[in-house]
Amino acid sequence: MAHTQIATIFTWLLLLTTTAASSITVQQVGEQQVAMPDIESWTFNSMPNIEGMDAPSQLLKLGSLSSLGAEEFTLEQTSAFLGVDINQLTLNQLPLIGEQTLGNLVLGDGISSAGVPFLDQYKIKQIKPLATFFKNNPQFQDIQLSQNLGQFVANNPTAANIKLNELGNLKIGSIPNLGNTPLKDFVDWENFSLDSIPGISDIPLSQFPNPLNLSSISIIARIDTVRGPAEANWGRTVTGSLEVGFEFPCNKTSENTESCSHIELDDPENLGATVSSPFEGKAWINGQQQWVDGGSGLLKMAVLSPVAKPGLEPTGRFPFGAFAKMVLWEVDETNDSAQFVLFLRYCNTGGCTPYNIGPIPFMEYKRDAMIPIGSLRSNPPSNRLPIRTQQRLAQQQVRRQQPSISMRGNIITGEEVAGGISPSILAEGIIKILSVGKSNSQSDFPPITCLGDRCGKSLGKYYLHSTNQKVIESIALLDGGDNFLRDLTKPNYPTPASLHNFFPSTRQDEVMRLVIGEAALLARSEIDPTTNKYFCGDRLIERTAQIFAGGLFTPIDSRVANADNSLTILKLGQKVRTYYNSHGGTVVSCATN
């Protein structure tokens, strides 16, 4: 019988007409198989339009994705899925940011939005567009540009109420840490549509912070019978809502019920087994025919789609957690088929709408097919899985797993060469080029800088970031090192004496050799697109400099520029190569590569 069951699934696949994703996979659940969308390619941009409405990415607001943890994303992370450098986008392209006031960004709203990390600790003069705006505005003629931005905004309501877009069409990169701020720390984030956030509609649902994970489905059932609208009463069900439970009976005479059309479920093992499951013989009621109580708080009566009814949602279940409700929408007794759709909801601090945003076409199953049921408890399972999404490379590169090099051993030695490259000359060239036109005074250093979600300070002659694992290992080895590292998340820059004690020049050199060595080894493992061979010679120097300056995930020869658009990653590598060669740096010959 198992072979018949599998054959039924694949016969159904050939008859499939509408799905929420572009491809279908067959998931193995125990000894059974169930056809589902390919979750790895299932994005909001791949979902079909809701009938009579805009595309989901235009219709849905970020508050509809709270169960997926969408608010944990930063703009830098979402834009990486488009291959876009968020720092080069402008306020006109990001209405969520343009609508924030300086008070919002610097101080948060005092309730749920924290604002931009450490922005309050910057001096006004360190943020060029703000310094220029205040200096040229008659309202702020007496401003002291050397004061902290947080102190100034807190004591100046006029400045606090200025919207960022009033400063002009700024680039995101012109405001420190703006691209690294979680969406939840912007005021009113819930009310902005998905298409206003670059890249978020292109992120597979399996890669959200609280990902949709079909492999977690452990309870499935077989469609035993398909029953049409002639059914007027059915007491044993597995459907309902959070508010009424998931054994809500169906009676045609009840308010908000037109019929009790349904599919009847059976245990997968009842194809010959004697074991009875809790859902055996129970009905999954047609949600288009029966609507039940739903929603909460101030949003309970909200109507967000043409089919919606105030305070109600179609009866159904939550096989995938709170993100979406799976609803039986059409049944056809003539060919024993059942069409399922999805309904979503929108939540904010005032409550949640019913699951009435839809219908989004999902799957069509036939009799004897396996379908996901989900938890049999009265509440849907949580989507809060222990797996956090990793920022994907803009060019879809697979991250290479490099063996870790500890400060306790395996330090690269020999003629100051790391991976065939002279690290001190390379680092010197990078720092000189990156620091052109910039002050080297510690008082002008940004108090805190963030790399992704890691915040700290640039230290020493190589500007090594304090969140670099090799820097951490070096400092943590010393007595009091942990306290020194914790202090680096505070506004004040360490004194020269404390920096010398915990991260002296010789140790900076040591760490730099490791960092350059790691970059060089990674560069040597990559294929140069200009030659279709491994990087070597001058091109190896260029690529190593690109990785050192931009991080392990930096795209090869990227034309992404810095905040003032003066230098691209590609141009940086070329300039460093010229400096390196003119100062006697060693090169790995292509002849021996």
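Everything below is about the structure shown above.
Counting of residues starts from 1 at the beginning of each chain's written sequence and follows it residue by residue. Residue-level local features of this predicted model are given only where pLDDT is at least 70; pairs of side-chain atoms are given and counted only at 80 or more, and the full residue set underlies all totals for whole chains, interfaces and linings. As a rule here, side-chain values cover all heavy atoms of the structure and leave hydrogens and water aside.

Re the sheet that holds strand β12 (residues 337–344)
Counted only if it meets this: Two strands pair under a simple rule: DSSP has to find at least two bridges between them. Working definition: helices are DSSP H or I runs of at least four residues, strands are E runs of at least two. Numbering for both runs from the N terminus. Note on definitions: angles span 0 to 180 degrees between N-to-C directions of axes, and those axes are lines fitted to C-alpha atoms, for helices only across the stretch in contact.
Taken in spatial order, the three strands line up as β11-β12-β15 in an open sheet, and their pairing is antiparallel. Whereas interior strands pair on both sides, the edge strands pair on one side only; in this sheet they are β11 (325–332) and β15 (357–366). Averaged over all pairs of adjacent strands, the angle between strand axes in this sheet comes to 30 degrees, irrespective of strand direction. Direction of pairing for β11 relative to β12: antiparallel, over a ladder of seven bridges. By the bridge assignment for β12, V327 is matched with V341.

What to know about the sheet that holds strand β14 (residues 351–352)
What the three strands build is an open sheet, ordered β9-β14-β13; its pairing is antiparallel. This sheet does not close on itself; its edge strands, each paired only once, are β9 (296–297) and β13 (347–348). Note: β9 against β14, two bridges, orientation antiparallel. Across the sheet, G297 pairs through a bridge with G351, a residue of β14.

A few points about helix α10 (residues 469–476)
Our working rule: When a residue's accessible area, from a 1.4 Å probe over protein chains only, is under 20% of the maximum for its type it is buried; when over 50% it is exposed; and in between it is partly exposed. Note that the arc is defined by the directions from the helix axis to the C-beta atoms. We call two residues in contact when some of their heavy atoms are within 4.5 Å.
Three or more residues of α10 are buried, namely K470, V471, S474 and I475. For α10, the angular spread of the buried residues around the axis is 130 degrees, confining them to a single face. Taken together, the buried residues of α10 touch β19 (458–459), β20 (464–465), α11 (481–487), α12 (496–502) and α13 (505–524).

Things to note about the pattern of salt bridges
We count it as follows: Salt bridges are defined by distance alone: a side-chain nitrogen of Lys or Arg within 4 Å of a carboxyl oxygen of Asp or Glu.
A complete count under the given rule lists 15 salt bridges for this structure. With a shortest N-O distance of 2.6 Å, E313 and K325 are connected by a salt bridge. Residue E313 is located in strand β10 (residues 312–314), and its partner K325 is located in strand β11; the two are separated by twelve residues in the primary sequence. Each member of the pair, E313 together with K325, is buried. The partner of R543 in a salt bridge is E526, and the shortest N-O contact between them spans 2.6 Å. Placement of the pair is R543 in helix α14 (residues 537–550) and E526 in the loop between α13 and β21 (527–528), with a sequence separation of 17 residues.

Quick word on the environment of D557
Convention followed: Side-chain atoms alone can form a polar contact between residues adjacent in sequence; in general such a contact is a pair of N or O atoms within 3.5 Å, and within protein one must be able to donate a hydrogen while the other accepts it.
Looking at the element boundaries, D557 is found in the loop between α14 and α15 (569–582). The buried category is assigned to D557, whose relative accessible area is 14%. Spatially, the C-alpha atoms of D557 and L570 are 4.5 Å apart, while their sequence positions differ by 13 residues. Residues within four places of D557 in sequence aside, it is in contact with P529, R539, Q546 and L570. In terms of polar contacts, D557 uses its side chain to reach the side chain of R539, at 2.8 Å. Of the polar contacts made by the side chain of D557, one reaches the side chain of Q546; its length is 3.0 Å.

Section: unusual backbone geometry
Residue P359 follows G358 across a cis peptide bond; omega there is 5 degrees. Structurally, P359 is set in strand β15. We note that N177 has phi near 70 degrees; this positive angle belongs to a residue other than glycine. As for its position among the elements, N177 is in the loop between α8 (157–160) and β3 (220–227).

Concerning the packing of aromatic side chains
The condition is simple: Classification of ring pairs rests on two measures: the distance between centres of Phe, Tyr or Trp rings, Trp counted by its six-membered ring, which must be within 6.5 Å, and the angle between planes, read as stacked under 30 degrees, edge-to-face over 60 and tilted in between.
Tallying each qualifying case throughout the model produces 16 aromatic pairs. Centre to centre, the rings of F44 and F208 are 6.4 Å apart; their planes meet at 80 degrees, and the pair counts as edge-to-face. Linking F44 in the loop between β2 (32–37) and α2 (56–59) with F208 in the loop between α8 and β3, this pair joins segments that are 164 residues apart in sequence. Of the two residues, F44 and F208, neither departs from the other in class, the shared state being buried. When the centroid spacing of 5.7 Å and the interplanar angle of 65 degrees are considered together, the rings of F320 and F362 count as edge-to-face. Of this pair, F320 sits in the loop between β10 and β11 while F362 sits in strand β15, and the two are 42 residues apart along the sequence. Overall, F320 belongs to the buried group, its relative accessible area being 5%. F362 gets classed as buried once you look at its relative accessible area, which sits at 0%.

Quick word on the pairing of β12
With eight of eight residues buried, β12 is to be regarded as a mostly interior element. Residues of β12 alternate between two faces, with S337, Q339, V341 and F343 on one and A338, F340, L342 and L344 on the opposite face, all of them buried. The hairpin formed by β11 and β12 contains four residues between the paired strands, and D336 there has a positive phi angle of roughly 55 degrees. Taken together, the seven bridges between β12 and β15 define a ladder with antiparallel strand orientation. Each residue of the ladder has a partner; that of L342, found in β15, is I360.

Looking at the pairing of β3
Bridge analysis of β3 against strand β16 (residues 370–372) gives three bridges, and the strand direction is antiparallel. Paired with A221 across the two strands is I371, which belongs to β16.

Structural notes on the state of the cysteines
Threshold: The criterion for a disulfide is a pair of cysteine sulfur atoms lying within 2.5 Å.
Applying the stated criterion to the full structure yields two disulfides. Across the disulfide from C250 sits C260; the S-S distance is 2.1 Å. Because the torsion about its S-S bond is -95 degrees, the bridge between C250 and C260 counts as left-handed. Highlighted residues: C250 in strand β5 (residues 250–251) and C260 in the loop between β5 and β6 (262–266), separated in sequence by ten residues. In this structure, C250 and C260 share a single accessibility class: buried. Across a sulfur-sulfur distance of 2.0 Å, C347 and C352 are joined as a disulfide pair. Across the S-S bond of C347 and C352 the torsion is about 110 degrees, and the bridge reads as right-handed. Assigned by exposure class, C347 and C352 land together as buried.

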